[in-house]
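Examining the three-dimensional arrangement
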Amino acid sequence: MSDRNYTYILECRDGTFYTGWTTDVDRRLAAHNSGKGAKYTKSRRPVKLAYYEEFATKEEAMSREWAIKRMTRDEKATLIASKKGETS
């Protein structure tokens, strides 16, 4: 069992965002791009990873997923941009 849990945001081909949680970001991204990830992303491929956060527990990751899903598109875009600024 993995001890890492992630909340992630994907940017879809049509410019929309999809938020989810997983224990393996690379595997989940591959699943989305193969059409087996989620119904929402299946018709919006390819998708790319725009943002992720790591958590110690599944519950924390799921809670953060819910909080992000309640954000507006602009709030999500700001969150994504702020993370990119950290690595620059």
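Structural data are supplied above this passage.
Residues numbered from 1 in each chain as written. Predicted model: local features only at pLDDT ≥ 70, side-chain atom pairs only at ≥ 80, totals over all residues. Heavy atoms only, no water.

Considering the overall build of the protein
When helices and strands are tallied, the protein shows four helices and three strands. The N-to-C order of helical and strand elements in the protein reads β-β-α-α-β-α-α. The C-alpha radius of gyration computed for the protein amounts to 13 Å, which stays within 12% of the reference 12 Å derived for 88 residues, consistent with globular compactness. Its C-alpha atoms give the protein principal-axis dimensions of roughly 30 × 30 × 25 Å. Long-range pairs, those at least 24 residues apart, make up 54% of the contacts in the protein with a sequence separation of at least 6. Of the accessible surface of the protein, which amounts to about 5,700 Å², a share of 50% is contributed by carbon and sulfur atoms. (Helix = DSSP H or I, 4+ residues; strand = E, 2+ residues; numbered from the N terminus. Rg over C-alpha atoms; globule rule 2.2 N^0.38 Å. Contact = heavy atoms within 4.5 Å. Areas by Shrake-Rupley, 256 points an atom, 1.4 Å probe, with all protein chains shown as cover.)

Description of the pattern of salt bridges
Following the criterion strictly, the structure yields three salt bridges and no others. Here Glu65 ties to Lys69 by a salt bridge, and the two come within 3.0 Å at their closest N and O atoms. Of this pair, Glu65 and Lys69 both sit in helix α3 (residues 58–69), four residues apart, roughly one helical turn. Assessed through its relative accessible area of 12%, Glu65 is described here as buried. (Salt bridge = Lys/Arg side-chain N within 4 Å of Asp/Glu carboxyl O. Buried < 20%, exposed > 50% of the residue type's maximum accessible area, 1.4 Å probe, protein only.)

Re the packing of aromatic side chains
Throughout the structure, instances matching the rule amount to three aromatic pairs. Aromatic side chains Tyr8 and Tyr18 sit 6.4 Å apart centroid to centroid with 45° between the ring planes, which places their arrangement in the tilted category. Residue Tyr8 is located in strand β1 (residues 5–11), and its partner Tyr18 is located in strand β2 (residues 17–22); the two are separated by ten residues in the primary sequence. Note on accessibility: Tyr8 and Tyr18 belong to one class, buried. Judged by centre distance (6.2 Å) and plane angle (20°), the rings of Tyr18 and Tyr40 are stacked. Taken together, the positions of Tyr18 in strand β2 and Tyr40 in helix α2 (residues 39–42) put the pair 22 residues apart, joining distant regions of the chain. Ring-pair connections join several aromatic residues into one group, and the members of that group are Tyr8, Tyr18 and Tyr40. (Phe/Tyr/Trp six-rings, centres within 6.5 Å; stacked < 30°, edge-to-face > 60°.)

Focus: the pairing of β1
Taking burial as the measure, the seven residues of β1 include six buried ones, the bulk of the element. As paired elements, β1 and strand β3 (residues 48–55) share seven bridges and run antiparallel to each other. When the sheet's bridge partners are listed, Tyr6 is paired in β3 with Glu54. The pairing of β1 with β2 spans six bridges and is antiparallel. Within β2, the residue paired with Ile9 across the bridge is Thr19. (Pairing = 2+ DSSP bridges.)

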